[in-house]
Amino acid sequence: MNILLAYNDTDVSNRALERAAQLVKLYEAKLVVTSVTPVVVGTAPNMEPGAELQRADERLRELGVEAELVEAIGDIAAAVVEVAELHDADLIVIGTREPSQVERMLGHSVSEAVQRMAHCDVLICH
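Residues numbered from 1 in each chain as written. Predicted model: local features only at pLDDT ≥ 70, side-chain atom pairs only at ≥ 80, totals over all residues. Heavy atoms only, no water.

S.K.: What exactly am I supposed to notice about the sheet that holds strand S3 (residues 68-73) here?
M.R.: The strands making up a sheet are joined through hydrogen bonds of the backbone, oriented either antiparallel or parallel. Within the open sheet, the 5 strands sit side by side as S3-S2-S1-S4-S5. Their pairing is parallel. With partners counted over all chains shown, the strands left at the sheet margins are S3 and strand S5 (121-125), one partner each. Looking at each pair of strands side by side, their axes are set apart by 25 degrees on average, direction ignored. The pairing of strand S1 (residues 2-6) with strand S4 (residues 91-95) spans 4 bridges and is classified as parallel. Bridge pairing links Leu5 to Val93 in S4. Against the sheet, helix H3 (residues 76-86) makes contact with S1, strand S2 (30-37), S3 and S4, and its axis sits at roughly 155 degrees relative to S2, the strand it touches most. (Pairing = 2+ DSSP bridges. Helix = DSSP H or I, 4+ residues; strand = E, 2+ residues; numbered from the N terminus. Axes fitted to C-alpha atoms, helices over the stretch in contact; angles between N-to-C directions. Contact = heavy atoms within 4.5 Å.)

S.K.: Would you mind showing me how to read the environment of Ile92 here?
M.R.: Tracing the sequence through the fold places Ile92 in strand S4. With a relative accessible area of 0%, Ile92 lands in the buried category. Along the sequence, Ile92 and Asn2 sit 90 residues apart, while their C-alpha atoms lie 8.9 Å from each other. In this structure Ile92 touches Leu4, Val80, Ala84, Val114, Ala118, Cys120, Asp121, Val122 and Leu123, once residues within four positions along its chain are discounted. (Buried < 20%, exposed > 50% of the residue type's maximum accessible area, 1.4 Å probe, protein only.)

S.K.: Help me understand the environment of Ala6, please; the structure alone is not making it clear to me.
M.R.: Residue position: Ala6 is located in strand S1. Looking at Ala6, the relative accessible area reads 8%, which means it is buried. Distance from Ala6 to Val93, taken between C-alpha atoms, is 6.3 Å for residues 87 residues apart in sequence. Excluding residues within four positions of it along the chain, Ala6 makes contact with Ser13, Thr34, Val80, Val93 and Ile94.

S.K.: Please explain the nonpolar core as it appears in this structure.
M.R.: Across soluble globular proteins, nonpolar side chains have a tendency to be buried as a group. With 21 residues, the main nonpolar core has Ile3, Leu5, Leu17, Leu31, Val33, Leu60 and Val93 as its most contacted residues. Counting only elements with at least two residues in this core, the list comes to S1, helix H1 (11-27), S2, helix H2 (51-62) and S4. Val70, Ala89, Val114 and Ala118 belong to the second-largest nonpolar core, a separate cluster that totals 19 residues. (Core = buried A, V, L, I, M, F, W, Y, C linked by side-chain atoms within 4.5 Å.)

S.K.: For this particular structure, what's the right way to read a nonpolar patch on the surface?
M.R.: On the surface, Met1, Leu26 and Tyr27 cluster together to form a nonpolar patch covering roughly 350 Å² of accessible area. In this fold, Tyr27 is placed in helix H1. (Patch = residues over 30% accessible without salt bridge, like charges linked within 9 Å, V, L, I, M, F, W, Y side chains within 5 Å. Areas by Shrake-Rupley, 256 points an atom, 1.4 Å probe, with all protein chains shown as cover. Salt bridge = Lys/Arg side-chain N within 4 Å of Asp/Glu carboxyl O.)

S.K.: In this structure, what is going on with the packing of H3 against helix H5 (residues 110-117)? I would like to understand it.
M.R.: What describes two packed helices is the angle between their axes and the distance between those same axes. Closest axis-to-axis distance for the H3/H5 pair is 8 Å, and the angle between their directions is 45 degrees. When the axes of H3 and H5 are compared, the pair comes out oblique. Both H3 and H5 take part in a crossing whose hand is right-handed. Counted together, Ile76, Ala77, Ala78, Val80 and Val81 of H3 and Val110, Ala113, Val114 and Met117 of H5 form the full contact between these two elements. A class-by-class count of the residues in the contact of H3 with H5 yields 9 nonpolar, no polar and no charged. (Parallel < 35°, antiparallel > 145°, perpendicular 65-115°, else oblique. Left-handed = near helix turned anticlockwise from the far one by under 90°. Nonpolar A, V, L, I, M, F, W, Y, C, P; charged D, E, K, R; others polar.)

S.K.: Explain the pattern of salt bridges here, please?
M.R.: When the charged atoms of two side chains lie near each other, side chains of opposite charge can form a pair. Applying the stated criterion to the full structure yields 5 salt bridges. A salt bridge links Arg55 to Asp9; its shortest N-O distance comes to 2.5 Å. Of the two residues, Arg55 sits in helix H2 while Asp9 sits in the loop between S1 and H1, which places them 46 residues apart along the sequence. The salt bridge involving Arg59 is made with Glu62; its shortest N-O contact spans 2.9 Å.

Pasting the structure below:
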């Protein structure tokens, strides 16, 4: 089993990390962790694991879990799904928070967009 954790170093993302670590141990799965940087015009992308992924890796190691770290750029939901597909993920684990009224009206929920676009199961952690 291959699990992809979408991580952004927020409280809900850290809860998703804890859940992904539990599942990795339970199913003896492979874990890939991705963090997505939105595209910023005029800057060169850095594909080395950034500070967010380094923090995720440190926490996972404390929990006894090893992971492959994948830095991604672009639209967050699309990038998460693309990394999941590239790594043959059977499950995407992602955190969510309560969207504001404006975000809800505009449909700006990353976790919902991932759920709609993914070709595998998605576990949304609150």
